[in-house]
Amino acid sequence: ALRGEDALLGFDAGGYELAQPRILTACRALDKLAGRGVADFAEQGATLDDGAEQNLLQLPYQKCSLDAANGHGQLSFFLGSFAHPSVDLGGVDVLFTDSLLWTDATMRDLARKANAMRPGSIIISFKPFEGEAFRSEGRLTLPCSRYPETEFEVQRVVDVASKHQVLGGG
């Protein structure tokens, strides 16, 4: 759910990819970042022919990682979806999703999972998360695979119970 840059800032970061070619690219980039020789990840697990639809249903598993050291945090990439029921977002402080192609149903599912995030956590998403637990903080322009500059919504997770007490909602 996070990017490689986050690990360099000291965060522990995990990224989820649905498509085999994208996870291979992520793992090769991780090896380059670590100064290691580029490994052949195609032999570790699924083949290049595996589709994203299959990976939505399987339990996400770690494909590659970089241990925390020398001022950077742990960075891991997983093959699978962070929408899978086994993935808990409760300990996530920053969530990034390029949600351009997510359906409304997928966005609702992710918002339900993101409700478990701690108040003050940040969500960066192409599409905003719906619900009173998410407060808009503005927009952020970032590069992504389809365009060099893409605008993303930035939201902060708020403490809904405290919000109701302050507003007199019980």
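Each value, and the rule that gives it
- Residues numbered from 1 in each chain as written.
- Predicted model: local features only at pLDDT ≥ 70, side-chain atom pairs only at ≥ 80, totals over all residues.
- Heavy atoms only, no water.
- Helix = DSSP H or I, 4+ residues; strand = E, 2+ residues; numbered from the N terminus.
- Salt bridge = Lys/Arg side-chain N within 4 Å of Asp/Glu carboxyl O.
- Buried < 20%, exposed > 50% of the residue type's maximum accessible area, 1.4 Å probe, protein only.
- Pairing = 2+ DSSP bridges.
- Contact = heavy atoms within 4.5 Å.
- Axes fitted to C-alpha atoms, helices over the stretch in contact; angles between N-to-C directions.
- pLDDT = per-residue confidence, 0-100.
- Disulfide = S-S within 2.5 Å.

### Focus: the environment of Ala19
- Within the secondary structure layout, Ala19 lies in the loop between strand S1 (13-17) and helix H2 (20-34).
- Sequence-wise, Ala19 and Ser81 are 62 residues apart; in three dimensions their C-alpha atoms are separated by 9.7 Å.

### Examining the pattern of salt bridges
- Under the definition given, this model contains seven salt bridges.
- Note that Asp93 is salt-bridged to Arg118, the shortest N-O span being 2.5 Å. Of this pair, Asp93 sits in the loop between strand S3 (75-79) and strand S4 (94-97) while Arg118 sits in the loop between helix H4 (104-114) and strand S5 (122-125), and the two are 25 residues apart along the sequence.
- For Asp93, a relative accessible area of 37% translates into the label partly exposed.
- Residue Arg139 pairs with Glu153 through a salt bridge whose shortest N-O separation is 2.2 Å.

### Thoughts on the pairing of S1
- Burial within S1 is extensive, with four of its five residues counted as buried.
- Direction of pairing for S1 relative to S3: parallel, over a ladder of five bridges. When the sheet's bridge partners are listed, Gly14 is paired in S3 with Ser76.

### Description of the side chain of Ser76
- With respect to the helices and strands, the residue Ser76 is situated in strand S3.
- Once you skip the residues sitting within four places of it in the chain, Ser76 turns out to touch Ala13, Gly14, Gly15, Gln62, Cys64 and Ser65.

### Some thoughts on the sheet that holds S3
- What the three strands build is an open sheet, ordered S1-S3-S2; its pairing is mixed. In the strand order of this sheet, the two ends are held by S1 and strand S2 (61-66), each with one partner. Averaged over neighbouring strand pairs, the angle between their axes works out to 20° when direction is ignored.
- Judged from the five bridges that link them, S2 and S3 form a sheet pairing that is antiparallel. In the sheet register, Tyr61 faces S3, and the bridge partner there is Leu79.
- Packing of H2 onto the sheet brings it into contact with S1, S2 and S3, and relative to S2 it is tilted by some 20°.

### Here's the deal with the confidence of the model for the protein
- A residue-level look at the protein finds 74% of positions with pLDDT of 70 or above and a mean pLDDT of 77.
- Taken together, the stretch residues 41-52 has pLDDT below 50 and engages in 23 contacts with residues farther than four places along the chain or on a different chain.
- Every residue in residues 163-168 is under pLDDT 50, and counting partners more than four places away or in other chains gives five contacts.

### Description of the state of the cysteines
- Tallied over the full model, the rule gives one disulfide.
- Between the sulfur of Cys27 and that of Cys64 lies a disulfide, 2.1 Å long from S to S. Torsion about the S-S bond of the Cys27 and Cys64 cystine: about -90°, corresponding to left-handed handedness. In this pair, Cys27 sits in helix H2 while Cys64 sits in strand S2, placing the two residues 37 residues apart along the sequence.
- Judged by its relative accessible area of 0%, Cys27 is buried.

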